[in-house]
Amino acid sequence: MTSVLGIALLTFALSGSAVAFVPIGGGASTHVTITATALLQKVTETCRVVAEAAGHEFKPTGSSPEELVQACLGPRATGEVSGAKFHSALQDIYTQNGLVDRDFVSSAPHHFNSENFVQGRTLIMEGMAAIKANIVKENFKAARETLGRILHTLQDFYSHSNWVELGNTKPYINLIRPDLSLDNLADINTATCSDCASGTCPNTILPNILSEKKLTSGYMGIFSSDKPQGKCSHGGEADLTSTTHPRGGISKDERRSDNVALHNAAVNIATAASLELLEDLRLAAGNDDYLRMMGIARSAVVCFVIDTTGSMSEDIDAARAVVYEIIDSKKGTQDEPSEYILVPFNDPGFGPMIRTTDPDKMKSEIAKLTADGGGDTPEMCLSGLLLALTGAPSSSYIYVFTDAVAKDIYLKATVIALIRSTKSTVSFFLTTPFKRRRRFTRAANLDVYKELALASGGQAIQVSKKDLPQATGVILDTSTSALVTVIQRARNPGKQETFPFMLDESLKNITIYITGTKIAFTLTNPAGVSSSQGDTIGKLGTLQTVGNLWRIRLNADSLEGNWQLNVNSNQQYTLKVTGQSTITFIYNFVESFEGPHPGYAVLSGRPQAGQPATLMLSVLGRKGPSSMTIGDVALVTVSGPETASNSTTLDMGNGDILVTVDAIPEGEFVVTLEGTDKVSNSKFQRQSTTQMSISKVKIMAVVDSSVRPGESFRIPISVLTQGSGGKYSVNARNDRGFPMSHPDSIILTTGVYTNTSLTITPPADTPSGTDVTLTVEALSDSGVDSNYVVMRFSVLTKITDFIQPVCKLMSVLADACPQDVSQCKPFQWELAANLTDGNGTGIESVALRQGSGNITTTSLSDPFILANYTASCCSQIVEIVAVDKVGNVGKCYHSIVRSAGPPALTMSLTMWLGLLISALVTRF
């Protein structure tokens, strides 16, 4: 099914089974549309369950991400709610789904080509195990990326095999159930297709294959026309085997006049199969963690990286105070952070990283911090920041507290690579102890922090220790939902300059930040009213000054329209304007790829110099993309003389814009967007926070599977330069400190890929589900040019437990329930059962999927677990879910609804049927 990156949220009806498809290229449904349909339907179902359990209605006011997230979060989501995290999570999945057609184009198992059924299912099962282990470890990005890949493979089964031609209308459950065998597979010597000279015959499967219900798939040859005698081909121009007898192909990727019914059936079953896989993952993860994986979250993640050396006592107190204030003031509101992360660093140690969604646990952890150790001035600041960047979700806000320069300055390039990869924003709070003042305040010592802050869209705030508590108001400003940047600029050296910017009707809590010394500025609103640095409480807002920071909070009645900020200083300075609004955008730089299913792939590193840049940009608004009109999209330099690049845009529909930029600015640049909000008829301006630049170097690397603990894993790497050839150094780092080996350098020839490899070996005791972030950089010997690639993969212990838990029904006591349901309220019924995982890994959790009663169990560590369920006779259905330690899921369903026949017990996975008067043992 044709893969197109960036076909974003479709206008689906988000209720129940209502599904719609958007034809792309000749009317075919794509992997993206199928995946989006399943993801949105499953998120909607999960949100509805969570809302009902919390006692409130789930009623989205529309189909936009914001409206779905608002409804899912419920009454607590009373403020501005952004759908950006949800949309970004979906894009992670769509992107990896599409990359299967580039990175594994000739891999038969990834597409169920060439009758690779066992191998294809193995990919799905290993992927599902990795996702479940990742979720347990809260490695949600790794889980999403794997999910995108295995959904592609699963969906291809229905397009590339003869499952539809065999008359099947439901998914092949065996593909996601390793305890069930793959039956009736055509062997290598069995002919399966008749010849089709035209290549467009409606059904070429041989009659005996159909009658015997033999399963086959088309052979695909990108480089060779060879295939076993009598076998079906995939078909299409890229398949060389389609010209070998028997000619033609059975692929249902595209909808053509000769295969409309088969294509539509394949799409429908592939969608249903995707829903089944997602349901298995939801049951294993639980509703809350499933929604976290999907980016349904209240607000930003707040991450603190704190120096704990001996002179940092006052700084730790200030950080602790602001954490307490965030928790106490925002708990229970829409602005409550969705997660807290704490990374301490000292010298020579740093970490561990502490992650929690529990505000009280965060209070407890930061209360434990004490100032001790250190000694020499430089500390391991960048090591702590690197740990935060790899552990925190993308687009996090990271706050670094230190009073010392970085000892590990060699990590700077890796930190910048991860800032660009994660699009996280890093701000530094830099204080100066008296004994270090002379050396620390030298500009050279601070440059690395200023550079990293500017690269991420953050700020480097220099302040005395006694004034630090006043500066931490920035953290309160940014630890909020729906935060957007209107404009950010930097000048070094400073000069007098006027910066125009536009405020729109949707913006709330607008704040202007200026950092620098010896600054004069004047702010002017659209009506010509002005305020300057001397106006603490001016006509336009309230001014606070601390250290090198000027913070202006505009009045709530600020006029929309064109504003100006005139800054006059001969010293280095930065300025930034932010606010809260649901109008925002997300973007990725992409490159096109060819092949049987061409599309666009997200760049891991910097865009290529000497050629147009392409980015996929998705616009989000209060009522979805249909409520927005897109104007100019440009790449704009942040520092130095301001130049903007011209671009052409192609509307991909539903708010997605394919942007092509012919001339890319020199140096660091950001993405800017202007448009009109149709809801308010107000023009808006937005800017990305993360700076980017171009490179003549390109690095390609793909991780094609999970990694086993204790086993060496080889990753092929290809490097190319369009600049000067010669010697390039190769630097690689992983966030887990796993042993690696790779060449220190390679020799590049201009315009030619040079192949090398890296080997990484996770220790044998690495926990299953551990994710690894690996950054590889190639740097020219002159130091003039470089590029990087960031890879993420999982360490997964080999799974040997594929069996679901087992249940023995002990008793059902429902005789007291009246036949007239209207009289049910005073009465209760009970159910008791024994649960066991046999010789498996053991049961990890037992929970209710349906039923409003209470369930209790004996210790889950017992070999046999007694489960007791008690409910009102008004709640007549119960469904119990049992999950073992590797994520095998079992469900059982029982109803006491009176019927004409005898009462029945239904087990949804194994057709558990029987009379309730007998003790029945069955699988969940």
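Residues numbered from 1 in each chain as written. Predicted model: local features only at pLDDT ≥ 70, side-chain atom pairs only at ≥ 80, totals over all residues. Heavy atoms only, no water.

**Regarding the nonpolar core**
As a rule of thumb, nonpolar side chains are buried together in soluble globular proteins. Our working rule: Among buried residues, the Ala, Val, Leu, Ile, Met, Phe, Trp, Tyr and Cys ones that are joined through side-chain atoms within 4.5 Å form a nonpolar core. Only protein chains enter the accessibility calculation, which uses a 1.4 Å probe; a residue is then buried when its area is under 20% of its type maximum, exposed when over 50%, and partly exposed in between. A run of DSSP states H or I qualifies as a helix once it reaches four residues; a run of E qualifies as a strand once it reaches two. Both are numbered from the N-terminal end. Any two residues having at least one pair of non-hydrogen atoms within 4.5 Å are treated as being in contact.
Leu147, Tyr158, Leu277 and Met294 are the most contacted members of the largest nonpolar core, which has 58 residues in total. At the level of secondary structure, the elements contributing two or more residues to this core comprise α1 (31-54), α2 (65-73), α3 (84-103), α5 (117-136), α6 (140-160), α8 (260-285) and α9 (287-293). If near-sequence neighbours (up to four positions away) are discounted, methionine 294 is found in contact with Leu39, Val43, Lys85, Phe86, Ala89, Leu90 and Ile93. Listed in part, the 56 residues of the second largest apolar core include Leu411, Leu615, Met628 and Phe669.

**Some thoughts on the environment of serine 647**
Quick note on the threshold: Two N or O atoms form a polar contact when they lie within 3.5 Å of each other; inside protein one atom must be a possible hydrogen donor and the other a possible acceptor, and for residues adjacent in sequence the pair counts only when both atoms belong to side chains.
With respect to the element layout, serine 647 can be found in strand β20 (residues 647-653). By relative accessible area, serine 647 is classed as partly exposed at 27%. With 93 residues separating them in the primary sequence, serine 647 and methionine 740 have C-alpha atoms 42 Å apart. For serine 647, the residues in contact, after removing those within four places along its chain, are Val633, Val659, Thr660 and Val661. Within polar-contact distance, the side chain of serine 647 engages the backbone oxygen of valine 633 at 2.5 Å.

**Here's the deal with the pairing of strand β22 (residues 669-677)**
Applied cut-off: At least two bridges found by DSSP between two strands are what make those strands a pair.
Among the nine residues of β22, seven are classified as buried, and the element is accordingly described as predominantly covered. With eight bridges connecting them, strand β19 (residues 628-637) and β22 associate as antiparallel partners. Bridge pairing links valine 633 to leucine 673 in β22. The pairing of β22 with strand β23 (residues 682-687) spans six bridges and is classified as antiparallel. Bridge pairing in β23 links threonine 676 to lysine 683.

**Things to note about the sheet that holds strand β29 (residues 754-760)**
Taken in spatial order, the four strands of this open sheet run β24-β25-β29-β27, and their pairing is antiparallel. Taken across any chain shown, the strands that pair with only one partner, and hence form the sheet edges, are β24 (697-701) and β27 (740-741). The pairing of β27 with β29 spans two bridges and is antiparallel. Pairing of methionine 740 across the sheet is with isoleucine 760, part of β29.

**A short note on the sheet that holds strand β14 (residues 561-568)**
Either a parallel or an antiparallel arrangement is found when strands of a sheet pair, and the pairing is made through backbone hydrogen bonds. To keep things clear, this is the line we draw: Axis definition: a line fitted to C-alpha atoms, limited for helices to the stretch in contact. Angles are taken between N-to-C directions and run from 0 to 180 degrees.
Here we have four strands laid out as an open sheet, ordered β8-β14-β10-β11, and antiparallel in their pairing. If you trace the sheet from one side to the other, it starts and ends with β8 (497-503) and β11 (530-532), each paired once. Within this sheet the neighbouring strands show an average axis-to-axis angle of 20°, counted without direction. Here β8 runs beside β14; their pairing, made up of seven bridges, is antiparallel. Bridging from a neighbouring strand, methionine 502 pairs with asparagine 562 of β14.

**A short note on the packing of aromatic side chains**
Note the cut-off: A pair of aromatic rings is counted whenever rings of Phe, Tyr or Trp (Trp by its six-membered ring) have centres within 6.5 Å, and the orientation is called stacked for planes under 30 degrees apart, edge-to-face for over 60 and tilted otherwise. In this scheme, Lys NZ or Arg CZ marks a charge over a ring once it lies within 6 Å of the ring centre and within 35 degrees of the ring normal.
Taken as a whole, this structure holds 19 aromatic pairs when the rule is applied. When the centroid spacing of 5.5 Å and the interplanar angle of 85° are considered together, the rings of phenylalanine 521 and tryptophan 550 count as edge-to-face. Residue phenylalanine 521 is located in strand β10 (residues 520-524), and its partner tryptophan 550 is located in strand β13 (residues 549-554); the two are separated by 29 residues in the primary sequence. The class of phenylalanine 521 is buried, set by a relative accessible area of 2%. A relative accessible area of 15% means that tryptophan 550 is categorised as buried. Measuring from centroid to centroid gives 5.6 Å for tryptophan 829 and tyrosine 869, while their planes differ by 70°, and the two rings are edge-to-face. Of this pair, tryptophan 829 sits in strand β33 (residues 828-836) while tyrosine 869 sits in strand β36 (residues 865-872), and the two are 40 residues apart along the sequence. Accessibility expressed as a relative area gives 0% for tryptophan 829, which makes it buried. A relative accessible area of 1% means that tyrosine 869 is categorised as buried. An aromatic cluster is defined as three or more aromatic residues linked by ring pairs; in this entry it consists of Phe112, Phe117, Phe157, Tyr158, Trp163 and Tyr172. Residue placement shows lysine 363 over the ring face of tyrosine 324; its charged tip is 5.4 Å from the ring centre. Sitting over the ring of tyrosine 587, lysine 423 keeps its end group 4.9 Å from the ring centre.

**Points about the UniProt feature "domain: Hemicentin/VWA7 galactose-binding" (unreviewed entry) in the protein chain**
Just so we agree on the cut-off: UniProt positions are given in the numbering used here, feature names are shortened, and annotations may be inferred rather than shown by experiment.
UniProt's entry tags residues 484-582 with the feature "domain: Hemicentin/VWA7 galactose-binding" (unreviewed entry), counted in the numbering of this structure. Along residues 484-582 one finds 0% helix and 61% strand; the C-alpha atoms at either end are 8 Å apart.

**Here we look at the pattern of salt bridges**
Here is the rule: By definition here, a salt bridge exists when the distance from a side-chain nitrogen of Lys or Arg to a carboxyl oxygen of Asp or Glu is within 4 Å.
Across all of its chains, the model carries 42 salt bridges by this definition. For the salt bridge of arginine 849 with glutamate 879, the shortest nitrogen-to-oxygen distance reads 2.9 Å. Placement of arginine 849 in strand β34 (residues 843-850) and of glutamate 879 in strand β37 (residues 877-884) is noted, with a sequence separation of 30 residues between them. Here the residues in one salt-bridge network are Lys42, Glu45, Glu279, Arg282, Arg849 and Glu879, joined through shared partners.

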